[in-house]
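Below are the chains, spelled out letter by letter.
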Amino acid sequence: MFNRIKKAFSRPAKEEGEAVTPSQLAHGPMSEWAGTQGFALSLHGDGQTVALEGKVGGRQWRMEAGRPTRNYIRGEELRARADLRLAHEPSLMVINRPLKSALERRAYATLTDTLRTTSTPDLPEEMRWLAMYEEMAWDSLPEPFWERYAVIGDSREDAAAWVDTALAAALTGWPAPVPSAEVPFLLLLARGKAYLRMEHAPPDMGTLQHALQVFTTSCESALAAFSSRA
């Protein structure tokens, strides 16, 4: 089940001779959809990165599709960020289970090898969190959600407030072709900001649109649960 993610760890982000292509959705469908939604669309890095910008709850968000910034992601990466300026700032993460298992093994091995039990700055934040925080669960969400995802963080009460039924429904409601449960995916709520990171290969508009819906739903839930500063 974890072979594809394991192989991603064992190869460089860009193999010798491997072509790096711009987003296949930079023109046409993405541009047309962005226009109908009132989103700003821009290209960066000689067309290698496509960015969308909009607002949720009065807060600016940005989503990019482009070269991966994590070596467990192959092909294109979707990543999103919004500074929600939350009054209460919990540390919470939703992560798909195959990625959790792969990162967990790597994080613990690294921490054991270096004999460090505190935060390790050279590890990605999601890996440090898997060593620092426990997995949490509760009964109000459906079993298909728990089969696909794990929730990690510093407070079960805050986690249940953020991952409500609307967010859980978005996370399990991917349109066809439904991304495999093995496709790397995570949502992060930290320092009053929301983040999304997932593999987007091959790129398709349905997945991109739903990923944005998941992200904005997570932002709305966080704003409702933890308020925000002006």
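Scroll up to find the structure.
The structure contained in this document is the topic of the report that follows. (Residues numbered from 1 in each chain as written. Predicted model: local features only at pLDDT ≥ 70, side-chain atom pairs only at ≥ 80, totals over all residues. Heavy atoms only, no water.)

**Brief notes about the sheet that holds strand β3 (residues 59–66)**
Picture the strands of a sheet paired through backbone hydrogen bonds; they go either parallel or antiparallel.
Part 1 of the reasoning: Spatially, β1-β2-β3-β4-β9-β8-β5-β7-β6 is the arrangement adopted by the nine strands of the open sheet, whose pairing is antiparallel. The open sheet terminates on both sides in strands that have one partner only, identified here as β1 (40–44) and β6 (134–136). Put simply, the sheet's adjacent strands are angled 20 degrees from each other on average, direction ignored.
Part 2 of the reasoning: When strand β8 (residues 185–190) meets strand β9 (residues 193–199), the two strands line up antiparallel, connected through six bridges. Note that in β9 the partner of F185 across the bridge is M198.
Part 3 of the reasoning: Along the sheet, helix α8 (residues 205–226) contacts β2 (49–56), β3, β4 (77–83), β5 (92–96), β8 and β9; its crossing angle with β9, the most-contacted strand, is approximately 155 degrees. (Pairing = 2+ DSSP bridges. Helix = DSSP H or I, 4+ residues; strand = E, 2+ residues; numbered from the N terminus. Axes fitted to C-alpha atoms, helices over the stretch in contact; angles between N-to-C directions. Contact = heavy atoms within 4.5 Å.)

**Topic: unusual backbone geometry**
Part 1 of the reasoning: A cis amide bond, omega -5 degrees, links A176 with the succeeding residue P177.
Part 2 of the reasoning: Cis geometry is found at the peptide bond from A201 to P202, where omega equals -5 degrees.
Part 3 of the reasoning: The residue P202 is located in the loop between β9 and α8 in this model.
Part 4 of the reasoning: One non-glycine residue with positive phi stands out, namely R191, at about 55 degrees.
Part 5 of the reasoning: Structurally, the position occupied by R191 is in the loop between β8 and β9.

**Comments concerning the pairing of strand β7 (residues 149–153)**
Part 1 of the reasoning: Judged by how many residues are buried, β7 sits mostly within the fold: five of five residues are covered.
Part 2 of the reasoning: Here β7 shows two buried faces, one formed by Y149, V151 and G153 and the other by A150 and I152.
Part 3 of the reasoning: Two elements, β5 and β7, share five bridges in a ladder whose sense is antiparallel. Among the inter-strand pairings, M93 is bridged to a residue of β7, identified as I152.
Part 4 of the reasoning: One ladder, built from three bridges, connects β6 with β7; its direction is antiparallel. Of the residues in β7, the one forming a bridge with E135 is I152. (Buried < 20%, exposed > 50% of the residue type's maximum accessible area, 1.4 Å probe, protein only.)

**Thoughts on the packing of aromatic side chains**
Here the distance between the centres and the angle between the planes together describe a pair of aromatic rings.
Part 1 of the reasoning: According to the stated counting rule, one finds eight aromatic pairs in the structure shown.
Part 2 of the reasoning: A centroid spacing of 5.0 Å and a plane angle of 80 degrees characterise the contact between F39 and W61, whose relative ring orientation is edge-to-face. With a gap of 22 residues between them, F39 in the loop between α2 (29–37) and β1 and W61 in strand β3 connect regions that are remote in the sequence. W61 matches F39 in its accessibility class, with the two residues each being buried.
Part 3 of the reasoning: Relative to F185, the ring of W174 lies with its centre 6.0 Å away and its plane at 80 degrees, an arrangement referred to as edge-to-face. Separated by 11 residues along the polypeptide, W174 in the loop between α7 (165–172) and β8 and F185 in strand β8 bring together distant segments of the chain.
Part 4 of the reasoning: When its relative accessible area of 7% is taken as the criterion, W174 is described as buried.
Part 5 of the reasoning: Under the relative-accessibility criterion, F185 is labelled buried at 3%.
Part 6 of the reasoning: One aromatic cluster is present, formed by W138, F145, W146, Y149, W174 and F185 through successive ring pairs. (Phe/Tyr/Trp six-rings, centres within 6.5 Å; stacked < 30°, edge-to-face > 60°.)

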